[in-house]
Amino acid sequence: PYQALKHDNGLISGQMTVSYHVTPTQLIYGTYSRGQKSGGVLLIGLASNVPATVKSEYLDNYEIGYKSTFLNGKITLNADAFWMVDHNYQTSIVQYNTAGLALTYLSNAKSAITRGFEADLRYKPTSSLSMFASATYDDAYYNSFASAPCAIENSYNKSCNFTGSRLALVPKWVGVLGFDYQHPVGHVRGVNLLAYGGATYTMQSSFFSATNDSIYSRINGYALLNLTFGIRSEDRKWDVSGWIHNATDKKYFTLLAGSSPLMAQVGM
């Protein structure tokens, strides 16, 4: 039968920041912002207990931070702490029917929270060498999601309480180390040439790749090394570069999932 569905979005976003220069090279600030994400109508066939519309999502973000430079600009240090409350958090839901077939659709959790801190340090001892390091801690979890379809290993339950469970695809820790270096290598027709290279080492902790935090979707932490190199004219009119991603040939997963609730229940 024909069913008319409608969803209205009246979305307002904005930001307010207050800052203060402690010294000419040191700044502290506080920010509040609100962002919005449109809701909508689900156009695929759904089970009878699944809402046909998705509510608009809105996020309140609170942040305090510190920005500074030292040694005549050779050192730059930035840091901040954040707390974001995501209302009507839109997340992918997977339900399994009696035959073990999966139905995936978009739905709302009542709220989610992501909170943590991040810091970035850069050091430029000479005009040729720049080094950098950064770290981020992000505790992201469902703040209220009392009745949700269960993970594949618990699919025999009608619903599960995800309140307090981690959000998918968000590692708690991410760290980056790296450097960039350039050096004159001569000149051609009066144009100075510079050779350059750099390396970036990125590390991250474990995370779940499925929104229901299934044990079969847990991906262990890993680290990757990326390299760049090249030669260019000093006036940057031309540049020839190359790169090697995952230079150590690290084997890692980007997605893991169980294939059916029957497999999960027998422990395969």
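It should be noted that the structure appears before, not after, this text.
Residues numbered from 1 in each chain as written. Predicted model: local features only at pLDDT ≥ 70, side-chain atom pairs only at ≥ 80, totals over all residues. Heavy atoms only, no water.

Participant: Mind laying out the overall build of the protein, listing which residues take part and the relevant values?
Facilitator: Looking only at helices and strands, the protein features one helix and 14 strands. Considering the protein as a whole, with its 268 residues, one finds that 32% of them fall into the buried category. Of the contacts formed within the protein by residues at least 6 apart in sequence, a portion of 59% connects residues at least 24 apart. Of the roughly 16,400 Å² that the protein leaves accessible, carbon and sulfur atoms contribute 58%. (Helix = DSSP H or I, 4+ residues; strand = E, 2+ residues; numbered from the N terminus. Buried < 20%, exposed > 50% of the residue type's maximum accessible area, 1.4 Å probe, protein only. Contact = heavy atoms within 4.5 Å. Areas by Shrake-Rupley, 256 points an atom, 1.4 Å probe, with all protein chains shown as cover.)

Participant: Could you give an account of unusual backbone geometry, naming the residues involved and the relevant values?
Facilitator: Backbone geometry at L71 places phi at a positive 50°, although glycine is not the residue there. Note that L71 resides in the loop between β5 (57–70) and β6 (75–96). Assessed through its relative accessible area of 55%, L71 is described here as exposed. With phi around 55°, N246 is a residue other than glycine that occupies positive phi space. Within the element layout of this structure, N246 appears in the loop between β14 (239–244) and α1 (261–266).

Participant: Tell me about the packing of aromatic side chains, and name the residues and values.
Facilitator: Following the criterion strictly, the structure yields nine aromatic pairs and no others. Ring centres of Y137 and W173 lie 4.9 Å apart, and the angle between their planes is 50°; this geometry places the pair in the tilted category. Of this pair, Y137 sits in strand β8 (residues 129–144) while W173 sits in strand β9 (residues 173–188); the two residues are 36 residues apart in sequence, bridging distant segments of the chain. Among the residues examined, Y137 registers a relative accessible area of 22% and is labelled partly exposed. (Phe/Tyr/Trp six-rings, centres within 6.5 Å; stacked < 30°, edge-to-face > 60°.)

Participant: Explain the pairing of strand β13 (residues 222–233) to me, using residue names and the numbers behind them.
Facilitator: As defined by bridge partners, strand β10 (residues 191–204) adjoins β13 across 12 bridges and the pair is classed as antiparallel. Residue pairing for β13: T200 is matched across the bridge by N226. Judged from the six bridges that link them, β13 and β14 form a sheet pairing that is antiparallel. Each residue of the ladder has a partner; that of T228, found in β14, is W243. Between β13 and β14, which pair antiparallel and follow one another directly, the connecting turn spans five residues, one of which, R236, has a positive phi of 60°. (Pairing = 2+ DSSP bridges.)

Participant: Explain a nonpolar patch on the surface residue by residue, including any values.
Facilitator: A contiguous nonpolar patch, built from F70, L71, Y123, M131, F179 and Y181 and spanning about 540 Å² of accessible area, is present on the exposed surface. The topology assignment puts F179 in strand β9. We classify F179 as partly exposed; its relative accessible area is 37%. (Patch = residues over 30% accessible without salt bridge, like charges linked within 9 Å, V, L, I, M, F, W, Y side chains within 5 Å. Salt bridge = Lys/Arg side-chain N within 4 Å of Asp/Glu carboxyl O.)

Participant: Could you give me a rundown of the nonpolar core, with the residues and numbers involved?
Facilitator: The biggest cluster of nonpolar side chains holds 17 residues, and the ones touching the most others in it are Y89, Y105, A109, Y142, F145, F162 and L167. Mapped onto this core, the elements with two or more residues apiece are β6, β7 (102–123) and β8. If you tally residues by element for this core, the top one is β7, at three residues. (Core = buried A, V, L, I, M, F, W, Y, C linked by side-chain atoms within 4.5 Å.)

Participant: How would you sum up the pattern of salt bridges? Please name residues and give values.
Facilitator: Under the defined criterion, the tally for this structure stands at four salt bridges. Residue D139 is joined to R115 by a salt bridge in which the shortest nitrogen-to-oxygen separation is 3.1 Å. Taken as a pair, D139 in strand β8 and R115 in strand β7 lie far apart in primary sequence, 24 residues in all.

Participant: Quick one: what's the story with the state of the cysteines, residue by residue and with numbers?
Facilitator: Scanning the entire structure with this criterion turns up one disulfide. Here C150 is linked by a disulfide to C160, with a sulfur-sulfur distance of 2.0 Å. Between C150 and C160, the S-S dihedral sits near 105°, and the bridge is therefore right-handed. Of this pair, C150 sits in the loop between β8 and β9 while C160 sits in the loop between β8 and β9, and the two are 10 residues apart along the sequence. Among the residues examined, C150 registers a relative accessible area of 5% and is labelled buried. (Disulfide = S-S within 2.5 Å.)

Participant: Please give an account of the side chain of S214 that cites residues and values.
Facilitator: Relative to the elements of secondary structure, S214 occurs in the loop between β11 (207–208) and β12 (218–219). Judged by its relative accessible area of 4%, S214 falls in the buried class. Of the polar contacts made by the side chain of S214, one reaches the side chain of E153; its length is 2.8 Å. Setting aside anything within four residues of it in sequence, one finds S214 in contact with A151, I152, E153 and F208. (Polar contact = N/O pair within 3.5 Å; in protein donor to acceptor, adjacent residues only side chain to side chain.)

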